[in-house]
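Residues per chain, in single letters:
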Amino acid sequence: MTNGRKNSLKQGSAWILFVSLLLITSNVRANYETDYLFYNSLTAFQDTSKLPKKDTIPVKKDSAALKRDTSVVKTDTFSIKMSKDSLDAPVHYQASDSMVLDVKTKRIILFSKASVKQKDMELTADSIEMDQPSHIVTAVFRRDTSGKMIGRPKMVQADSKMEADVIRYNFETQRGLTQSTITTQGEMIVQVEKMKKINENEYYGLRAQLTTCNLDTPHFAFRVKKLKLVNKKLAVSGPVHPEFEGVPVPIYLPFGFFPISQGRHSGLLPPTFTASEQFGLGLEGLGYYHVINDKFDVRVLTNIYSYGGWTVNVSPTYRKRYRYNGGMSFSMTNTRILSNTGKQEFTTTRAFNINWNHTMDNRARPGTSFTASVNAGSTKYNQLVTNNPTLNYNNQMSSSITYQKNWDNKYNLTLSANHNQNNVTQLINMSLPTAAFTVNTFYPFQSKDFVGGTNTKWYQKLGLGLNTNFANQISVYEKDFNMSKILDTLQWGAQHSIPIQLALPPLGPVTIAPGISYRENWYSRKLRKGFVAEHNKVDTLTNSTGFFQSREVSFSLGFNTAIFGMFNKFGKNSKVTAIRHVIRPNVSLSYKPDLAKKDWYDAVIDSTGRKQRFSYSEGSIYGAFGEGVFGGLSFGIDNNLEIKVRSKKDTANGGIKKVRILDGFGFNSNYNLVADSFRLGNFNLYARSTLFEKINISASATLDPYKVDENGYRTKEYMWSGGGGFKPGRITNGTVSVSTSFQSKPKDEKKAKEAEEAAKNSGLPPLTMEEQQAQLQYARQNPAEFADFNIPWSLNINFSYSFSRHFRSDYKGWETTTNASLGLNGDFNLTPRWKLGGNTFYDIKAKSIQQLTMSLSREMHCWQLSINVTPVGVYRSFNITINPKSGLLRDLKINRTRFFYGN
């Protein structure tokens, strides 16, 4: 019996819905009344939440009793028996047009936007036919009058998605057949003429193509006749041949293996070919990545050159969720290049480098932390790394390993080991171990139940603290790095500080802060310098070892406040509505007795008998305290300036927008009332601003108010004394830095927002410092591969200038050193598919370009062409690469690299 089509499922008769469900689920046997059977069957397959609950009251078997009370029917739902051909889960289906039910053949046909769901499987198509006896559903599409395809079948199950012209699927066995199928596995798009689904994860295909291009007619593909696909893991095929733009390439491979698994998995890392006149022919990046377990993996990379040079890098990483994560990197390089001199054919240099980064999760052990950031190695290592101009000019290396323990925010213990080295001077400094113990400020006169208030006694706000530091230090040059030199330069030191503070109530707008500080330093050696006539220089005369102490006590009383000013007398048509100025003056009275006088001495520094004051603890871990009595004022002023303007774009706050003109500018100095000369101290000037929310400017300088003699030594006269006009002082050192960045608006705002959201919601764990540096290093070496064509142009500018006047290292007068540099970085679109970029560093003092890198990118949809050229730098290089954009096929590339060492 067949019912006519209805306009909607919701308008169908209730008995038709019941009969269809009854046929799908076969026969239900029960020993109860027919009316109740109808109710039980209907609710069992439509709303399981309404199933009758099991009744613990025994069922009465007396038929007479049943006749006396028929208003209540008791049942045990576990007595309902399901037929053998019923499904293990309900099937939910719907359609927007109609449903056809064939009771005789037990088939249901859904028309227009049909959908069938069972467990984690969902099938959608224009029309779907369900055959209840065979448990098979068939989904097909249709074409409209113009020939356009409508409702192409789609099936989603777990992480597997596919589209096909025809899908036949068995609910019971979970097997199926499809025709003209497209499925996506990660970045890989697989198109198969005929596909057979064996189980949830395995498929077999006939006449397939694999590609990462998402066009209907892909730019490139790999053609295979037979294919086995394991969902989210791999694809294996017989003979493979690639094709471009539909044209087969006359290259055949005996079989194909396509790893499409997600996450980490072991495998070979293919190399790139390079050539250099100094290094010879080479393979760079050849290696292997091995996943040991979920917590540990290791990567091994090698560079091999025909002249005998080589580099080995071993990088293990480890992680334990909610506990810690980190990574190490050990590099060993043997550089063998053609010599620029005629004395020898090759120049051989060996160097090494060690990196270690470790981070402990705060949730692992609350109150305890352990971090490590190690970057150590040979002083020549950075210069020997090829194709990395940024690293070639990095002359500093530093390391830090730190353990911290906190006890209820009262006591803190820090143990650390530190290292730094200068690759130019080859001086290596190591401080290990270093210990710091801190007692946070506590108030000894406060009771345990102290809550504060107006009745608080002044002495209850008296606070004490303790800061203790202990360190060992070794300073040795790389060429002298041996145990004897290490022991000769080994020294230790300690520093103690006891701050005493008192919080007094403010006097109106003025805040008062009195304080007392006691500091004491311990030293392990005592130096004395003097002029050595035989060598005509200042040298060390004596170096005593032992236990030496130095102390300092200071008393202070500080006052600070804030003054606010506003000018808003502007016209109605003025764009500026108000100017706001904040002034924060501070003054403090302080006294420091001269407890360190015994730690200083006079020494002759030249043949004329000129003397200079030196400290016995010069060169120690903790420097000497300043000598002399200080009793006077310390003062300073900080300013902030901003304006309010009318904004046409921002309608918030009545269309008024705040714009900062100067984030901060001011000065600080001091005046010593008890000194016999040089009472007025130097003025420290500073200013910082973010103009137009684009240009970052910061500047600082030191102003000396005293004159100097013909040899550059200070005199007791002020700069403004003696006539000749007012001069506030001499600027002895200063720095200025300016940086800004500009870029055009994205061509596609929606695409830019989607890319930003995708980066935020990637679900990937945060990168370690080593991984961040590795990615940054790769991006700097290959800028063309990271071109963003959605941004038509961008420009970054940074400028820095600094100068300093200081005493010469040989104590023969004064000298001024200056440094100035300009950095530019930017790119722009030559055409919608060509982008040109560049990065340069110009040394203004040397009047030369220290580094220049240029890049050219070509957008080719699923492929990219990148050209990187470094014509100026320690290593001059040229690189051209053509490769797919997909990370899965990134190593399938054509690469040509040449580089040259030296000028």
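J.: Help me out: how do you make sense of the side chain of Thr379 in this one?
T.: Relative to the helices and strands, Thr379 is located in the loop between β26 (368-377) and α4 (381-384). A distance of 2.5 Å separates a polar atom in the side chain of Thr379 from a polar atom in the side chain of Glu478. For Thr379, the contacting residues outside a window of four places in its chain are Gln421, Asn422, Asn423, Gln426 and Glu478.

J.: Could you clarify how one ought to interpret a positive patch on the surface in this entry?
T.: Among the surface-exposed residues, Lys295, Lys320, Arg323 and Arg365 lie close enough to one another that they form a single positively charged patch. Residue placement: Lys320 occurs in strand β23 (residues 310-320).

J.: How do you make sense of unusual backbone geometry when you look at a structure like this?
T.: With the exception of glycine, the majority of residues adopt a negative phi angle, and the majority of peptide bonds are in the trans configuration. The residue after Leu432, namely Pro433, is reached through a cis peptide bond having omega -15°. Among the structural elements, Pro433 can be located in strand β29 (residues 427-442). Here the phi dihedral of Tyr322 falls at roughly 65°; this positive angle occurs in a residue that is not glycine. One can find Tyr322 in the loop between β23 and β24 (324-338). Of note in the backbone geometry, Phe678 takes a positive phi value of approximately 50° without being a glycine. As for its position among the elements, Phe678 is in the loop between β39 (656-672) and β40 (683-691).

J.: What is the right way to look at the pairing of strand β44 (residues 730-743) in this model?
T.: Bridging between strand β41 (residues 695-704) and β44 involves 10 bridges; their strand directions are antiparallel. Bridging across to β44, Ala701 finds its partner in Gly734. Sheet topology note: the β44/strand β45 (residues 793-807) ladder contains 11 bridges and is antiparallel. In the strand pairing of β45, Thr740 is matched with Ile797.

J.: In this structure, what is going on with the nonpolar core? I would like to understand it.
T.: One recurring pattern in soluble globular proteins: nonpolar side chains tend to sit buried together. Tyr93, Leu110, Val116, Leu123, Ile128 and Met130 are the most contacted members of the largest nonpolar core, which has 42 residues in total. Listing elements by their share of this core, those giving two or more residues are β2 (98-102), β3 (107-118), β4 (121-131), β5 (136-140), β10 (166-170), β12 (188-197), β13 (202-211) and β14 (220-230). Dropping the residues within four chain positions of it, Leu110 is found in contact with Tyr93, Gln94, Ala95, Ser98, Met99, Ser115, Val116, Asp126, Ser127 and Ile128. Within the second largest apolar cluster, nine residues are counted, among which are Tyr616, Tyr713, Phe807 and Tyr811.

J.: Looking at this structure, how should I read the pattern of salt bridges?
T.: Opposite charge on two side chains permits them to pair, given that their charged atoms come into close proximity. Overall, the coordinates contain 23 salt bridges when judged by the stated rule. We note a salt bridge from Arg363 to Asp361, for which the minimum N-O separation is 3.0 Å. Arg613 serves as the salt-bridge partner of Glu627, at 2.5 Å between the closest nitrogen and oxygen. Here Arg613 lies in strand β37 (residues 611-615) and Glu627 lies in the loop between β37 and β38 (630-646), a separation of 14 residues in the sequence. Judged by its relative accessible area of 31%, Glu627 is partly exposed. Residue classification places Arg613 among the partly exposed positions, given a relative accessible area of 32%. If you follow the salt bridges from partner to partner, you end up with Arg152, Lys154, Glu163 and Asp165 in one network.

J.: In this structure, what is going on with the environment of Ala417? I would like to understand it.
T.: Here Ala417 is to be found in strand β28 (residues 411-422). Taking C-alpha positions, Ala417 is 7.7 Å from Met430, a pair spaced 13 residues apart along the chain. Ignoring sequence-local partners within four residues, the contact set of Ala417 consists of Ser399, Ser400, Ile401, Ser431 and Leu432.

J.: Before we go on, may I ask you to explain the state of the cysteines in this structure?
T.: Disulfide: a covalent bond formed between the sulfur atoms of two cysteine residues. If you walk through the whole model with that rule in mind, you get zero disulfides. The thiol sulfur of Cys213 is not disulfide-bonded, and the nearest other cysteine sulfur, from Cys862, lies at 3.6 Å. The buried category is assigned to Cys213, whose relative accessible area is 1%. When its relative accessible area of 6% is taken as the criterion, Cys862 is described as buried.

J.: What is the right way to read the packing of aromatic side chains from this model?
T.: The full count for this structure, using the stated rule, is 27 aromatic pairs. Between Phe279 and Tyr305, the aromatic rings sit 5.3 Å apart at their centres with planes inclined by 55°, giving tilted as the arrangement. In this pair, Phe279 is assigned in the loop between β20 (272-276) and β21 (280-293) and Tyr305 in strand β22 (residues 296-305), connecting sequence segments 26 residues apart. We classify Tyr305 as buried; its relative accessible area is 8%.

J.: How should I be thinking about the environment of Gln174 in this particular structure?
T.: Here Gln174 lies in the loop between β10 and β11 (176-185). Between the alpha carbons of Gln174 and Asn199 there is a distance of 6.0 Å; along the sequence they are 25 residues apart.

What counts and what doesn't
Residues numbered from 1 in each chain as written. Predicted model: local features only at pLDDT ≥ 70, side-chain atom pairs only at ≥ 80, totals over all residues. Heavy atoms only, no water. Helix = DSSP H or I, 4+ residues; strand = E, 2+ residues; numbered from the N terminus. Polar contact = N/O pair within 3.5 Å; in protein donor to acceptor, adjacent residues only side chain to side chain. Contact = heavy atoms within 4.5 Å. Patch = residues over 30% accessible without salt bridge, like charges linked within 9 Å, V, L, I, M, F, W, Y side chains within 5 Å. Areas by Shrake-Rupley, 256 points an atom, 1.4 Å probe, with all protein chains shown as cover. Salt bridge = Lys/Arg side-chain N within 4 Å of Asp/Glu carboxyl O. Lys, Arg positive; Asp, Glu negative; His and termini not counted. Charge placed at Lys NZ, Arg CZ, Asp CG, Glu CD. Pairing = 2+ DSSP bridges. Core = buried A, V, L, I, M, F, W, Y, C linked by side-chain atoms within 4.5 Å. Buried < 20%, exposed > 50% of the residue type's maximum accessible area, 1.4 Å probe, protein only. Disulfide = S-S within 2.5 Å. Phe/Tyr/Trp six-rings, centres within 6.5 Å; stacked < 30°, edge-to-face > 60°.

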